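Geometric and topological summary
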Amino acid sequence: MQVLVVGAGVIGLAVARTAALAGHDVTVAETTGGIANGVSSRNSEVIHGGLYYPTNSLRARHCVRGRRRLYEFCAAHGVRYRKCGKLVVATNAAELAKVETILAQAQENGVEGLEMVGGNAARAMEAELFCIGALWSPETGIIDSHDYMRALWGELEDNGGMIAFETPVERMSYKAPQWQVRFGGSDPGVIAFDAVVNSAGLGAQALARRIEGYPADRVPRLVLGKGNYFGFAGRPVFSRLIYPTPIDGGLGVHVTLDLAGRMRFGPDVEWINEENYAVDPHRADSFYARIRSYWPGLPDGSLVPDYAGIRPKLTGPGEAPADFMIAGPPAHGLPRLVNLFGIESPGLTASLSLADEVVNYLAA
Ligand SMILES: Cc1cc2nc3c(=O)[nH]c(=O)nc-3n(C[C@H](O)[C@H](O)[C@H](O)COP(=O)(O)OP(=O)(O)OC[C@H]3O[C@@H](n4cnc5c(N)ncnc54)[C@H](O)[C@@H]3O)c2cc1C
């Protein structure tokens, strides 16, 4: 089939590579001039274990399976990663009870190697840490996500696929037996495809509304959950990822590491109405308070505004977190069309597993 994938983020690239490996003739259309210019360039680069997500949810299933696939892919393709492990820490009895429920959920999800450790054992692992107990997840890691996305792009091209940059998809309609897709950009026109995957990240809902005949009530709302990061101006003190107990809308201001061992903190959750990526330095005040609950030694003046990313959420403050939404033909009645909505964390981790499911839908 001639397959069009909209968006060259980690999801579009993974889908495109998998479709090309399955023998399809794949084109990726991307609005910007390069890969990974959207949500995929502004995240924590953590390979998540799959601890938190409800049993049988898409997030649980694709995170656990995607993680295993991602480690194999990194090893086979020379993508840099480190399985550094993560501690989810409890600083009081109420948090400890919550961490124990996370352990039970994670075991339900099939996450390997989990262990509850006491405060002293946690401090033996990370000397600067304060906690009364923690959940140790040895399968969690970090990845050079740009390396990963370049490797996906390479495999796509090796299998005959290509990316058209500065080529926004404007609208499309199904005229049996093909999709007629209108492109904008400097060389606008209409091209026919057999199948289309909308993996446009923050643009997925806007594009779905421009698909002729797509049921309007099947386009979920888009809620922007901005996550701000602060860098640490000092010598790193942790060598593992440290997460507090989760908060409403996110996993809490955690310690993330890059492959050079540098430490940064974030993301928090800031509900916004329009895309903007500025980090307000005043947000540092709440970061100090939250980080000091598990790292009392955090020095004054050591946090510097770094970057922000935006989660394409489907639900807002006070509402239950939504699952990924993979809207294939059974969801909307149109043939060989898959819309991906709400692909926030752990989308990077889940990408290879999600790609398999999406490519299976295309044949339907
Ligand atoms: C703060 C934050 C932290 C995160 N941390 C992690 C983490 O540690 N681990 C993890 O597993 N996941 C994490 N995630 C989730 C992960 O980053 C996302 O799930 C993933 O990057 C989504 O990729 P995507 O391809 O769907 O979107 P994007 O990367 O945004 O790609 C979509 C692309 O579509 C293009 N586009 C849009 N509209 C059109 C159009 N009409 N025509 C053509 N192109 C179009 C855009 O330009 C963009 O390049 C995090 C997310 C955030 C926001």
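In this report, we go over the structure that sits alongside the text. Note that the structure is predicted; figures quoted are calculated from it, not measured. (Residues numbered from 1 in each chain as written. Predicted model: local features only at pLDDT ≥ 70, side-chain atom pairs only at ≥ 80, totals over all residues. Heavy atoms only, no water.)

**Some remarks on helix α5 (residues 145–158)**
Put simply, the rule reads: Helix and strand labels come from DSSP, where a helix needs a run of H or I of at least four residues and a strand needs a run of E of at least two; each type is numbered from the N terminus. In a helix, the anticipated span is given by 1.5 Å times the number of residues less one. Contacts between residues were defined by any pair of non-hydrogen atoms, one from each residue, lying within 4.5 Å. Throughout this description, a polar contact denotes any pair of N or O atoms lying within 3.5 Å of each other; where both atoms belong to protein, one of them has to be capable of donating a hydrogen while the other can accept it, and for residues adjacent in sequence the pair is counted only when both atoms sit in side chains.
Over its 14 residues, α5 extends 20 Å from the first C-alpha to the last, a length consistent with the 20 Å expected when each residue adds 1.5 Å. Where α5 is buried, its residues meet α1 (10–21), β2 (25–29), α2 (58–77), β8 (141–143), β9 (162–164) and α9 (347–362). The distance from a side-chain oxygen at the start of α5 to the backbone nitrogen of H146 is 3.1 Å, and the residue carrying that oxygen is D144. Backbone geometry just after α5 places G160 at a positive phi near 90°.

**Things to note about the pairing of strand β11 (residues 178–183)**
We count it as follows: Per-residue accessibility, obtained with a 1.4 Å probe over protein chains only, is compared with the maximum for each type, and a residue is labelled buried under 20%, exposed over 50%, and partly exposed between these values. Strands are labelled as partners when DSSP assigns at least two bridges between them.
Burial along β11 is one-sided: W179, V181 and F183 are buried, and none of Q178, Q180 and R182, which face the opposite way, are. Of the strand pairs in this sheet, strand β10 (residues 169–175) and β11 are connected by 6 bridges, and their pairing is antiparallel. Directly across from M172, in β11, lies its bridge partner V181. Counting the residues that bridge the hairpin from β10 to β11 gives 2 residues. The sheet contact formed by β11 and strand β12 (residues 189–193) spans 5 bridges and is antiparallel. Paired with R182 across the two strands is V190, which belongs to β12. In this structure, the hairpin formed by β11 and β12 is closed by a connection of 5 residues, where G185 is found at a positive phi of approximately 90°.

**Points about the packing of α2 against α5**
Which entries qualify depends on this criterion: Interaxial angle, 0 to 180 degrees, is taken between N-to-C directions of lines fitted to C-alpha atoms, where a helix line uses only the stretch in contact. In this scheme, roughly parallel covers angles under 35 degrees and roughly antiparallel covers those over 145, while 65 to 115 is roughly perpendicular and the rest are oblique. Three categories are distinguished: nonpolar for Ala, Val, Leu, Ile, Met, Phe, Trp, Tyr, Cys and Pro, charged for Asp, Glu, Lys and Arg, and polar for the others, with Gly belonging to the last.
It is at 11 Å that the axes of α2 and α5 come closest, and there the two elements cross at 75°. With respect to each other, α2 and α5 are oriented roughly perpendicular. Contacts from L70, F73 and H77 of α2 reach α5 at Y148, A151, L152 and E155. For the contact of α2 with α5, the class distribution of residues is 5 nonpolar, 1 polar and 1 charged.

**Thoughts on helix α3 (residues 93–108)**
Along an α-helix, residues three or four apart share an orientation, since each turn contains 3.6 residues. The following threshold applies: The arc in question is the one spanned by the directions pointing from the helix axis to the C-beta atoms.
Across its 16 residues, α3 extends 23 Å between first and last C-alpha, which sits within 8% of the 22 Å expected from 1.5 Å per residue. Buried within α3 are the following residues: V99, I102, L103 and A106. Down the axis of α3, the buried side of the element spans an arc of 105°, and every buried residue falls inside it. Residues A93, A94 and E108 are exposed on α3 and point more than 90 degrees away from its buried face. A side-chain oxygen of the first residue of α3 lies 3.2 Å from the backbone nitrogen of A94; this N-cap is N92. Just beyond α3, the residue with positive phi is G110, at close to 85°.

**Looking at the side chain of K86**
As a reminder of what qualifies: In this tally, Asp and Glu contribute negative charge and Lys and Arg positive charge; neither His nor the terminal groups of the chain are included. Here, a salt bridge means any Lys or Arg side-chain nitrogen found within 4 Å of an Asp or Glu carboxyl oxygen.
Relative to the helices and strands, K86 resides in strand β5 (residues 86–90). One buried charged residue, K86, forms no salt bridge at all, with the nearest opposite charge on E112 at 13 Å. At a separation of 3.0 Å, a polar atom in the side chain of K86 contacts the side chain of Y52. Ignoring sequence-local partners within four residues, the contact set of K86 consists of H48, L51, Y52, L135, W136, S137, T140, L241 and Y243.

**Notes on the nonpolar core**
Spelled out, the test is: The set of buried Ala, Val, Leu, Ile, Met, Phe, Trp, Tyr and Cys residues whose side-chain atoms join them within 4.5 Å is what this entry labels a nonpolar core.
Ranked by size, the top nonpolar core spans 48 residues in total, and within it L51, L129, F265, I291, Y294 and W295 carry the most contacts. Sequence-distant contacts of F265, defined by excluding residues within four places in its chain, comprise N228, Y229, F230, F232, V253, H254, V255, F287, I291, Y294, W295 and L303. Grouped together as the second largest cluster of nonpolar side chains are 44 residues, I11, A151, I163 and L352 included.

**Some details on the site of the ligand**
Heads up, the condition is: It suffices for a single heavy atom of a residue to lie within 4 Å of a molecule or strand for the residue to be listed as near it. Shrake-Rupley sampling with a 1.4 Å probe provides the accessible areas, and residues are treated as covered by the protein chains on show and by no other component.
By nearness alone, 38 residues border the ligand, and E30, S40, V46, I343 and T349 come closest of all. One of the side-chain N or O atoms of T31 is found 3.1 Å from a nitrogen atom in the ligand. Between the ligand and V46 there is a distance of 2.8 Å, counted from a nitrogen atom to a backbone nitrogen or oxygen. Here the ligand has 1,000 Å² of accessible area as a free molecule, and 94% of this is covered by the chains. Contributions of two or more residues to the shell around the ligand are made by α1, β19 (303–313) and α9. The class makeup of the residues in the shell around the ligand is 16 nonpolar, 17 polar and 5 charged.

**Digging into the sheet that holds β2**
Read across the sheet, 6 strands follow the order β9-β2-β1-β13-β21-β20 without closing on themselves; strand pairing throughout is mixed. Each edge of the open sheet carries a strand with a single partner, namely β9 and β20 (325–327). The mean angle between the axes of side-by-side strands here comes to 15°, regardless of whether they run parallel or antiparallel. Bridge analysis of β20 against strand β21 (residues 337–341) gives 3 bridges, and the strand direction is antiparallel.

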